[in-house]
Protein chains: 2
Amino acid sequence: MELLSTNVSFDGEHRRYRHTSATLECTMEFAVYLPPVAVGPDPQRVPALWWLSGLTCTDKNFMEKAGAHKKAAELGIAIICPDTSPRGVNLPGEDDSYDFGSGAGFYVNATEQPWAPHYRMYDYVVKELPQLLENELPLTDKRSISGHSMGGHGALICALHNPGRYASVSAFAPVAHPTECPWGQKAFKGYLGDDTAKWEEWDATLLIPKATERLPLLIDQGTEDQFLETQLNPDALVEACKQHDHPINLRMQKGYDHSYFFIASFIDDHLNHHSRALGQS
Amino acid sequence: MELLSTNVSFDGEHRRYRHTSATLECTMEFAVYLPPVAVGPDPQRVPALWWLSGLTCTDKNFMEKAGAHKKAAELGIAIICPDTSPRGVNLPGEDDSYDFGSGAGFYVNATEQPWAPHYRMYDYVVKELPQLLENELPLTDKRSISGHSMGGHGALICALHNPGRYASVSAFAPVAHPTECPWGQKAFKGYLGDDTAKWEEWDATLLIPKATERLPLLIDQGTEDQFLETQLNPDALVEACKQHDHPINLRMQKGYDHSYFFIASFIDDHLNHHSRALGQS
């Protein structure tokens, strides 16, 4: 992996890297925040919060706009931001819409052509990138996962599919029941095909009944989120959790919208949540 | 003034407005952060920190990237971010370079054609906009001022020219002696003409000997700032302060660069500094 840039931030380091992904068969960029204890001449290994971003984002949005570095520096937690789709693979139609293709990988493994060889963001963020970074950077193998919107969906399905792999999970305004909303249906039809039975394994609400680990879900959702009614559907996830005795803490945040101002307002709560699970505080 | 958008942020409100500026003879946009006590059914009037941004910025950069809302919310301070130049005035060459014209007003009142009628950012940020906002929003007439790079220069000259107008001043990586650096020379020649005597009133280092108010200068400067050697010259400002017994606290921050990660790392210190001067803490 090639280091593209380093910015000192709260005495830790924000770094951007480029590498060739075997999973995605393309060149990818990602960002890492290392807290102060993990940089310098005698770096300690630290656990990591994996952050999955939403539609149209790259690795940059969360790092620049969430205001998360201060608390991560205090807690001694790294933050890792992958990109949101394969890049530069030049598939037809890839850049035609904001909610499918580039910037919209939906953290699934595509089975439909022409997406299948590249659009395998699930394997990338769950397997390839953690293996690479836990080898190359001062990270332990302790991980938590969170994300926003499409990335909140991503965080939930990654955690629900992999008992024991993440110490904790949280989400901001996740696409909580993608098989039943326009964003999810468009993405799943495109990446997975017309057989809706195949969509089910990528829907957090539909995975709750099968969950073998009772990892508590911390979810923040703004009441004035412009996508709440049409795309996000946290009530369906809460209902599934209720029926199957899965712990969930859905916090409806009065007045907040879908923006990074919302994320910034509550990211410290999420970092504290993950820190406790990771044994940092 | 027309409200363009509102985001709840740390229980306060980030708002963007549009208005027609009589000073600049064009339509301008700006952003305001109001802390929780200044919003809702019974808003209290609060003091304001005026933030002047650097080259290429708009009102958005600081609001999105500085992570300042949390501390401003706690302290009960508003933040106001003007744009960095007139917009949409269609002067020839206005968009040709990043360091002159659009996004690069340098907080002076231009005297040269064709810039003179529009490029009057000093009068805009010192006079027109405060008068407007202190009438229209729940603000007191207590103000502090800060900024970054070109905006740090702006903050310093606004404070040094107007004893009693600002309770406190600070800057991040300011262009501290613009008559002696390429950015300043290009801007001053373009906006003010060839007579370098006219440049002196817009140079913080040259204003220190004439200062009638001993307002302490708090300045943070990264040691790895890519513009430190060629453009910023904080040592000249420190030397002028030393010779004229003007209080200055220049903090050289080891390893930090010119980015918003640097600003975010120290903005809370600056907000605390201004809060004390504004009587908020």
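An unreviewed UniProt entry lists chain A under the name S-formylglutathione hydrolase, from Marinobacter adhaerens. Word for word, the UniProt comment on chain A under Function (unreviewed entry) is "Serine hydrolase involved in the detoxification of formaldehyde."

A. Structural context of the overall build of chain A. Within chain A, the regular secondary structure consists of 9 helices and 9 strands. A globule of 281 residues ought to have a C-alpha radius of gyration of about 19 Å, and chain A, at 18 Å, matches this closely. Along the first, second and third principal axes, the C-alpha atoms of chain A reach 55 × 40 × 35 Å. Taken over 281 residues, chain A has a buried fraction of 62%. Long-range contacts, defined here as pairs at least 24 residues apart, represent 72% of the contacts in chain A between residues at least 6 apart. Counting only carbon and sulfur atoms, one obtains 46% of the accessible surface of chain A, whose full area is about 10500 Å². Where the 23 positive side-chain charges of chain A centre and where its 37 negative ones centre are 4 Å apart.

B. Layout of the interface of chain B and chain A. Contact with chain B, which involves 21 residues of that partner, is made by 21 residues of chain A. In total, about 1700 Å² of surface goes out of reach between chain B and chain A, with carbon and sulfur atoms giving 53% of it. Linking chain B with chain A are 4 salt bridges, by the criterion used here. A salt bridge links Glu-64 of chain A to Lys-65 of chain B, with the nearest nitrogen and oxygen atoms 3.5 Å apart. For the pair chain B and chain A, the interface holds 12 residue pairs in polar contact (both at pLDDT 80 or more). Mapped by element, the contributors of at least two residues to the side of chain B that touches chain A are β1 (2-9), α1 (60-65), α2 (69-75) and α9 (260-277) of chain B. Of the residues forming the side of chain B that touches chain A, the biggest block, 5 residues, is contributed by α9 of chain B.

C. Helix α4 (residues 150-161) of chain B, seen in detail. Residues and elements named next belong to chain B. Helix length check: α4, at 12 residues, gives a terminal C-alpha distance of 17 Å against a target of 16 Å (1.5 Å per residue), a fit within 8%. With 11 of 12 residues buried, α4 lies mostly within the body of the structure. Here α4 has its buried residues at Met-150, Gly-151, Gly-152, His-153, Gly-154, Ala-155, Leu-156, Ile-157, Cys-158, Ala-159 and Leu-160.

D. Structural context of the relation of the copies chain B and chain A. By a simple turn and slide, chain B fits onto chain A: the slide is 0.0 Å along the axis, the RMSD is 0.0 Å, and the turn is 180°. Each copy turns onto its partner about a two-fold axis. Comparing interface residues between copies, 100% of those in chain B also lie at the interface in chain A; the contact surface is shared.

E. Looking closely at the pattern of salt bridges. Residue and element names in this part refer to chain A. Taken as a whole and assessed by the stated rule, the structure comprises 32 salt bridges over all chains. Its salt-bridge partner being Arg-251, residue Asp-220 comes within 2.7 Å of it at the nearest N-O pair. Here Asp-220, found in strand β8 (residues 217-222), pairs with Arg-251, found in strand β9 (residues 248-253); they are 31 residues apart in sequence, far enough to count as distant. Residue Asp-220 is classed as buried on the basis of its relative accessible area of 0%. Each member of the salt-bridge network shares a partner with another, and the members are Glu-2, Arg-16, Arg-18, Glu-29 and Asp-59.

About the cut-offs
Residues numbered from 1 in each chain as written. Chains lettered and ligands numbered in written order. Predicted model: local features only at pLDDT ≥ 70, side-chain atom pairs only at ≥ 80, totals over all residues. Heavy atoms only, no water. UniProt positions renumbered as here; feature names shortened; annotations may be inferred. Helix = DSSP H or I, 4+ residues; strand = E, 2+ residues; numbered from the N terminus. Rg over C-alpha atoms; globule rule 2.2 N^0.38 Å. Buried < 20%, exposed > 50% of the residue type's maximum accessible area, 1.4 Å probe, protein only. Contact = heavy atoms within 4.5 Å. Areas by Shrake-Rupley, 256 points an atom, 1.4 Å probe, with all protein chains shown as cover. Lys, Arg positive; Asp, Glu negative; His and termini not counted. Charge placed at Lys NZ, Arg CZ, Asp CG, Glu CD. Buried area = accessible area lost by both parts, 1.4 Å probe. Salt bridge = Lys/Arg side-chain N within 4 Å of Asp/Glu carboxyl O. Polar contact = N/O pair within 3.5 Å; in protein donor to acceptor, adjacent residues only side chain to side chain. Expected span 1.5 Å × (residues − 1). Least-squares fit on C-alpha atoms with pLDDT ≥ 70 in both.

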